[in-house]
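Read off the chains here:
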Amino acid sequence: MSSENVSNLVKKAKNGSADAFGELYGLYAEDLFRFAYYSVGSVSMAEDCVSEAVCLAFQKITSLKKNEAFKSWMFKILHNCCKNAQKIKYLHQNEVELSEVQNLSSVEKDHSENISLINALKKLSAEERDIMILFYSEGYNSKEIGEILGLKDSTVRSKIKRATEKLREMLVI
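These notes cover the structure that comes with them. Everything numeric in this text was worked out from a predicted model, so none of it was measured.

Some remarks on the overall build of the protein chain
Each helix and strand in the protein chain was counted, giving 10 helices and 0 strands. Starting at the N terminus, the α and β elements of the protein chain follow one another as α-α-α-α-α-α-α-α-α-α. Taking as baseline every contact in the protein chain between residues at least 6 positions apart, the subset at least 24 positions apart corresponds to 65%. As displayed, the protein chain has an accessible area near 9800 Å², and 49% of this comes from carbon and sulfur atoms.

The following block contains the structure:
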């Protein structure tokens, strides 16, 4: 969808259109879930985080200043929800449990193929993990990631380099 169409949907959503907001959510639902899943490492927590983020975004859509920034704004909200979820329910496990993988629906099984990556990401700091997900999985550049996480883009670039090296060692790439 073109950025003009997205901007028009945001404008309609700001005027109270739940249908327009639903269309916006539909555009990014898979990306949002993937980010949350890699951030929290649990299907159910990821679903909860996305749900919370979508509700918050719908409530606060009028506070969005630039319509074309909807996607990064939405990811910033989701990032905060994931961070809060991790604080509330500390992830005790360093490994993804086999039972959780076996209980995944067919849509979620695609994500289970990356268990090694998920486990490696869990070993990074929360900030490094979020940066790597936004950079490699969602395709944001260092400036955009800096805006989402409140960091300088040069800091983001150096963290990408260090975290990539850590992952390379963990995954023996």
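Regarding the packing of helix H8 (residues 126-137) against helix H10 (residues 153-171)
The geometry of H8 relative to H10 is characterised by a closest axis approach of 9 Å and an angle of 95° between their N-to-C directions. By the angle between their directions, the pair H8 and H10 is classed as roughly perpendicular. Note on element contacts: H10 touches H8 through Val 156, Lys 159, Ile 160, Ala 163, Thr 164, Lys 166 and Leu 167, opposite Glu 127, Glu 128, Ile 131, Met 132, Phe 135 and Tyr 136. For the contact of H8 with H10, the residue count by class is 8 nonpolar, 1 polar and 4 charged.

A few points about the environment of Ser 39
Here Ser 39 shows up in helix H2 (residues 18-40). Taking the C-alpha atoms as reference points, Ser 39 and Gln 86, separated by 47 residues in sequence, lie 8.9 Å from one another. Those residues in contact with Ser 39 that lie beyond four places of it in its chain are Cys 82, Gln 86, Arg 129, Asp 130 and Ile 133. A polar side-chain atom of Ser 39 sits 3.4 Å from a polar atom in the side chain of Asp 130.

What about the side chain of Thr 164?
With respect to the helices, strands and loops of the structure, Thr 164 is situated in helix H10. Within the structure, Thr 164 has its side chain in polar contact with the side chain of Tyr 136 (distance 3.2 Å). Leave out the neighbours within four places in its chain, and Thr 164 touches Met 132 and Tyr 136.

Here we look at the pattern of salt bridges
Counting across every chain of the model gives 7 salt bridges. The partner of Glu 138 in a salt bridge is Arg 34, and the shortest N-O contact between them spans 3.4 Å. In this pair, Glu 138 sits in the loop between H8 and helix H9 (142-149) while Arg 34 sits in helix H2, placing the two residues 104 residues apart along the sequence. The exposure class of Arg 34 is buried, given its relative accessible area of 16%. Put simply, Glu 127 and Lys 159 hold a salt bridge, and the shortest N to O gap is 2.8 Å. One end of the pair, Glu 127, is in helix H8; the other, Lys 159, is in helix H10, and 32 residues separate them in sequence. Lys 159 sits in the buried class, given a relative accessible area of 18%. Because the salt bridges share partners, they merge into one network encompassing Glu 30, Asp 31, Arg 34, Lys 71 and Glu 138.

Parameters and conventions
Residues numbered from 1 in each chain as written. Predicted model: local features only at pLDDT ≥ 70, side-chain atom pairs only at ≥ 80, totals over all residues. Heavy atoms only, no water. Helix = DSSP H or I, 4+ residues; strand = E, 2+ residues; numbered from the N terminus. Contact = heavy atoms within 4.5 Å. Areas by Shrake-Rupley, 256 points an atom, 1.4 Å probe, with all protein chains shown as cover. Axes fitted to C-alpha atoms, helices over the stretch in contact; angles between N-to-C directions. Parallel < 35°, antiparallel > 145°, perpendicular 65-115°, else oblique. Nonpolar A, V, L, I, M, F, W, Y, C, P; charged D, E, K, R; others polar. Polar contact = N/O pair within 3.5 Å; in protein donor to acceptor, adjacent residues only side chain to side chain. Salt bridge = Lys/Arg side-chain N within 4 Å of Asp/Glu carboxyl O. Buried < 20%, exposed > 50% of the residue type's maximum accessible area, 1.4 Å probe, protein only.

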